[in-house]
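One-letter residues, chain by chain:
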Amino acid sequence: MKRTISAVLCAALALTLAGCAEEKEPMLDRTVTVETTAAQTGELSTESTYIGTISAEGTASVVSLVSGNVEEVMVSVGDTVSAGDPLCRIDDESARLALQNAQAAYQSARESYNSAQAGYGGADLPVLEEQLRLAQDNYEDTQHLFEMGAASQAEVDQANQALLSAQAGVEAARAGLSSARAGIQSAQVGVNSAQYQLSLYNMTAPISGVVEAVNLTLNNFAASGTVAFVISNGSNKTVTFYVTDQVRQTLTAGQEVSVVSDGRTYQGAVTEISGVVDAATGLFKVKAVINEAQSLPDGLAVELTTTAYRSSGAIPSDAVYFDEGNAYVYVAQDGTVVRTEVTVGLYTADTIAVTSGLTAGDEVITTWSAGLKDGAPIRLAGQEEAEGIADASGTSDASGSAAGGTEAP
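Here the structure is a predicted model, which is why all the values come from computation and not from measurement. (Residues numbered from 1 in each chain as written. Predicted model: local features only at pLDDT ≥ 70, side-chain atom pairs only at ≥ 80, totals over all residues. Heavy atoms only, no water.)

Q: Break down the sheet that holds strand S6 (residues 80-81) for me, with residues and values.
A: In spatial order, the strands read S4-S11-S9-S6; together these four strands make up an open sheet with antiparallel pairing. The sheet terminates laterally at strand S4 (59-63) and S6, the two strands that pair on one side only. Direction of pairing for strand S9 (residues 209-214) relative to strand S11 (residues 227-232): antiparallel, over a ladder of four bridges. If you follow valine 210 over to S11, its bridge partner there is serine 232. (Pairing = 2+ DSSP bridges. Helix = DSSP H or I, 4+ residues; strand = E, 2+ residues; numbered from the N terminus.)

And the structure:
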């Protein structure tokens, strides 16, 4: 009798253990929750401070930076002008044509990008990525079967070859989109350059004052480097300072400056940028006219601040990573992470300029996670909470239906 009871207990225990063994472990959700920011066009700049010297030269010389036929002169000697008022217009037909060509090149780059999106990102890329996932699963399954003796080495090699082919297809698709984005970035630089060149054909007053000289004649040729106008203002004074060649190339006539003396700030604008190295300092001389500065004595040394460096397209510094000196970011595309190589430029404590590799509107991931890698599935921050609310709402509705069914006759 005791043997019979023991056998029954052993059988029951074996069935219990078998049932536990059949339970599957819950699958981990490997989706990474991230925050993103849209890449934007714009300008990142930093300011530098210099020591300048005040002088009584309340005069600004307006120099022509382009050559061409003078089509219109808006002022005469003795006229009073305000900073920014138009002075003259030089024939800009060639500059307009250059801008049209640059805009056409940009449009072509946009169309190439759209074609790449339609070919890769619109339909084919998700298919290729799914094929890659299936190839990865098939390769792993075949390896397991091989270890169990249920598959041959040839079948493992064939699965591995299919996986490599799928990986190559996805990488080629992503490379095509990356190349198209770089084309847009380059074309945008061309448009910006053409727009700047066009603006040089319309000369404006850098300061407010009285026109002392007009050295251009209507319908006559104006050479680049000509002092076209001289404007003076008795209440203004000039501050002279020196910069490196790198800074000189970023400065423009009319650029704002601030001068501080005895706790008071004076505003002004750059009027002259020398193209010749000063023999005494080894730097380039720059002059700016300071408004309403008649109280500043000649020869006074003052602090002058102005924008010294500029770069376009800034994103948060924390979003940029470096691998052996090469910069890259993670971009959110169609619910997955895409590692994107970028070129960086000017940076501050909070932001860094990306000069190539991104297009305006790209969703750059700004948060870090251990699971953040190329191809990883992602969800946007807040999306998980929204899905939880939706699930809770659905559960409540289902419970209500069940209760109603119970109460029905």
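Q: Help me get a handle on the nonpolar core, residues and values and all.
A: Nonpolar side chains tend to gather and get buried jointly when the protein is soluble and globular. Val81, Leu87, Met203, Leu216, Phe229 and Ile231 are the most contacted members of the largest nonpolar core, which totals 27 residues. With 19 residues, the next largest nonpolar core counts Ile54, Val247, Val270 and Ala288 among its residues. (Core = buried A, V, L, I, M, F, W, Y, C linked by side-chain atoms within 4.5 Å. Buried < 20%, exposed > 50% of the residue type's maximum accessible area, 1.4 Å probe, protein only.)

Q: I'd like to hear about the sheet that holds strand S8 (residues 202-204), residue by residue, with values.
A: On the basis of which strands lie adjacent, the open sheet formed by four strands has the order S8-S7-S5-S10 and antiparallel pairing. Each having just a single partner strand, S8 and strand S10 (221-222) make up the two edges of the open sheet. For strand S7 (residues 86-90) and S8, the ladder comprises three bridges, and the chain directions are antiparallel. Paired with cysteine 88 across the two strands is methionine 203, which belongs to S8.

Q: I'd like a rundown of the environment of valine 342, residues and numbers included.
A: Locating valine 342 in the fold gives a position in the loop between strand S20 (336-341) and strand S21 (343-347). On the basis of relative accessibility, which here comes to 9%, the residue valine 342 falls in the buried class. Separated by 160 residues in the primary sequence, valine 342 and alanine 182 have C-alpha atoms spaced 9.5 Å apart. Dropping the residues within four chain positions of it, valine 342 is found in contact with Ala327, Tyr328, Val329, Val354, Ser356, Gly357 and Leu358. (Contact = heavy atoms within 4.5 Å.)

Q: How would you explain unusual backbone geometry if you had to name every residue and give the values?
A: The phi torsion at glutamate 292 lies on the positive side, around 50°, for a residue other than glycine. Secondary-structure assignment places glutamate 292 in the loop between strand S15 (284-290) and strand S16 (301-312). With a phi angle near 50°, aspartate 334 is a residue other than glycine that sits in the positive phi range. With respect to the helices and strands, the residue aspartate 334 is situated in the loop between strand S19 (326-333) and S20. For aspartate 334, a relative accessible area of 64% gives the class exposed.

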